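# Fold and contact review
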Amino acid sequence: MNIVVICGSLRKASFNMMLARNLAALAPGDVRLTLLDGLEHFPPYCADIAQTPEIVTRWADAIAAADGVIVVSPEYNHSVPGTLKNALDWLSRDTNNPFARKPVALQSASTGMLGGARMQYHLRQIMVFFDARLLNKPEFFVSHAASRFAADGTLRDENTAEAIAGHLAAFRLFVRDHQSERPWGSNDVHQAGAG
Ligand code: FNR
């Protein structure tokens, strides 16, 4: 199972990037995680830019080819960081909306006590427009992030490690369930919708 990971922070000592980098070691054995780099290369979105930037195509292709996506992001002013929202705006303009019907899980880390929860609800709202398939439960937040990681990014909190492993295991099952669903638009689904 191939999962791509998007991190919403550009900061060198980012706790969210530390979290993102700790996921692979805690993932189920058949899950391969690939961290997408280059968030800083997304130009400010402008519909007048006729040529799609290379970074947009690279991320859109990686997301489209993946079995699922995990977004790991800080909360800025109770919402989604502008850099991440800008990248999502670009990706949403890709002709084949790579998030459509894609399983997505959200994670966040914050130095505060709510762990970025409010950001996650705004990100969920954006993902509804993308028609992504969001894992509802378990939710996953890292509060008081500065106390959970060593300066080199090593996770030093057993409860957080257990929660990460549980979240990734749940997402794996969610992706498997999604893959076994009949494709949207099949006759049965159409008839159910019409009834
Ligand atoms: C923050 N921070 C923050 N934290 C939070 O829990 N809720 C919030 O609304 C905000 N708002 C906010 C705005 C801005 C502009 C900054 C720079 C920071 C604090 C934030 O969680 C903390 O700086 C994290 O360490 C940022 O994530 P990274 O860069 O460490 O991954």
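Reading the values: rules and limits
- Residues numbered from 1 in each chain as written.
- Predicted model: local features only at pLDDT ≥ 70, side-chain atom pairs only at ≥ 80, totals over all residues.
- Heavy atoms only, no water.
- Helix = DSSP H or I, 4+ residues; strand = E, 2+ residues; numbered from the N terminus.
- Rg over C-alpha atoms; globule rule 2.2 N^0.38 Å.
- Buried < 20%, exposed > 50% of the residue type's maximum accessible area, 1.4 Å probe, protein only.
- Contact = heavy atoms within 4.5 Å.
- Areas by Shrake-Rupley, 256 points an atom, 1.4 Å probe, with all protein chains shown as cover.
- Pairing = 2+ DSSP bridges.
- Right-handed = clockwise from strand over helix to strand, strands pointing away.
- Near = heavy atom within 4 Å.
- Polar contact = N/O pair within 3.5 Å; in protein donor to acceptor, adjacent residues only side chain to side chain.
- Nonpolar A, V, L, I, M, F, W, Y, C, P; charged D, E, K, R; others polar.
- Axes fitted to C-alpha atoms, helices over the stretch in contact; angles between N-to-C directions.
- Parallel < 35°, antiparallel > 145°, perpendicular 65-115°, else oblique.
- Core = buried A, V, L, I, M, F, W, Y, C linked by side-chain atoms within 4.5 Å.
- Phe/Tyr/Trp six-rings, centres within 6.5 Å; stacked < 30°, edge-to-face > 60°.
- Lys NZ or Arg CZ within 6 Å of the ring centre and 35° of its normal.

### Description of the overall build of the protein
The secondary structure content of the protein amounts to six helices and six strands. Going from the N terminus to the C terminus, the protein shows its helices and strands as β-α-β-α-β-α-β-α-β-β-α-α. Taking 195 residues into account, the globule formula puts the C-alpha radius of gyration at 16 Å, and the protein, at 17 Å, falls close to it. The buried share of the protein, reckoned over its 195 residues, is 46%. Expressed as a percentage of contacts within the protein between residues at least 6 apart in sequence, the contacts between residues at least 24 apart total 78%. Counting every atom, the protein has about 10,400 Å² of accessible surface; 52% of that belongs to carbon and sulfur.

### Some words on the pairing of strand 2 (residues 32–35)
As judged from the four bridges shared by strand 1 (residues 2–7) and strand 2, these two strands associate in the parallel manner. When the sheet's bridge partners are listed, Asn-2 is paired in strand 2 with Arg-32. Once you follow strand 1 into helix 1 (residues 15–26) and on to strand 2, the crossover reads as right-handed.

### Here we look at the site of the ligand
Around the ligand, a shell composed of 13 residues is seen, among which Ser-9, Ser-14, Asn-16, Glu-75 and Ser-110 lie nearest. Here Ser-9 contributes a side-chain N or O atom positioned 2.7 Å from an oxygen atom of the ligand. Arg-11 places a polar side-chain atom, nitrogen or oxygen, 2.7 Å from an oxygen atom of the ligand. Look at the ligand: alone it shows 610 Å² of surface, and the protein chains cover 72% of it. Tallied by class, residues from the shell around the ligand come to three nonpolar, seven polar and three charged.

### Some points on the packing of helix 1 against helix 5 (residues 158–180)
Look at helix 1 against helix 5: their axes get within 10 Å of each other, and the N-to-C directions meet at 70°. On the basis of their axis angle, the class for helix 1 and helix 5 is roughly perpendicular. Along the contact surface, helix 1 presents Leu-19, Leu-23 and Leu-26, while helix 5 presents Ala-161, Ile-164, Ala-165 and Leu-168. A per-class count over the contact of helix 1 with helix 5 returns seven nonpolar, no polar and no charged.

### Thoughts on the nonpolar core
Core analysis: the largest hydrophobic core is formed by 29 residues, its most contacted members being Phe-42, Leu-88, Leu-91, Phe-99, Val-104, Leu-123 and Met-127. Residue assignment for this core shows that the elements contributing at least two residues are strand 1, helix 2 (54–65), strand 3 (68–72), helix 3 (82–92), strand 4 (103–109) and helix 4 (117–130). When neighbours within four sequence positions are excluded, Leu-123 is seen to be in contact with Val-71, Val-80, Leu-88 and Leu-106.

### Brief notes about the packing of aromatic side chains
According to the stated counting rule, one finds five aromatic pairs in the structure shown. Aromatic side chains Phe-99 and Phe-130 sit 5.3 Å apart centroid to centroid with 25° between the ring planes, which places their arrangement in the stacked category. Taken together, the residues Phe-99 in the loop between helix 3 and strand 4 and Phe-130 in helix 4 connect sequence positions 31 residues apart. No difference in accessibility class separates Phe-99 from Phe-130, as the two residues are buried. For the cation-ring pair, Arg-11 lies above Phe-15, with the distance from its terminal atom to the ring centre recorded as 5.5 Å.

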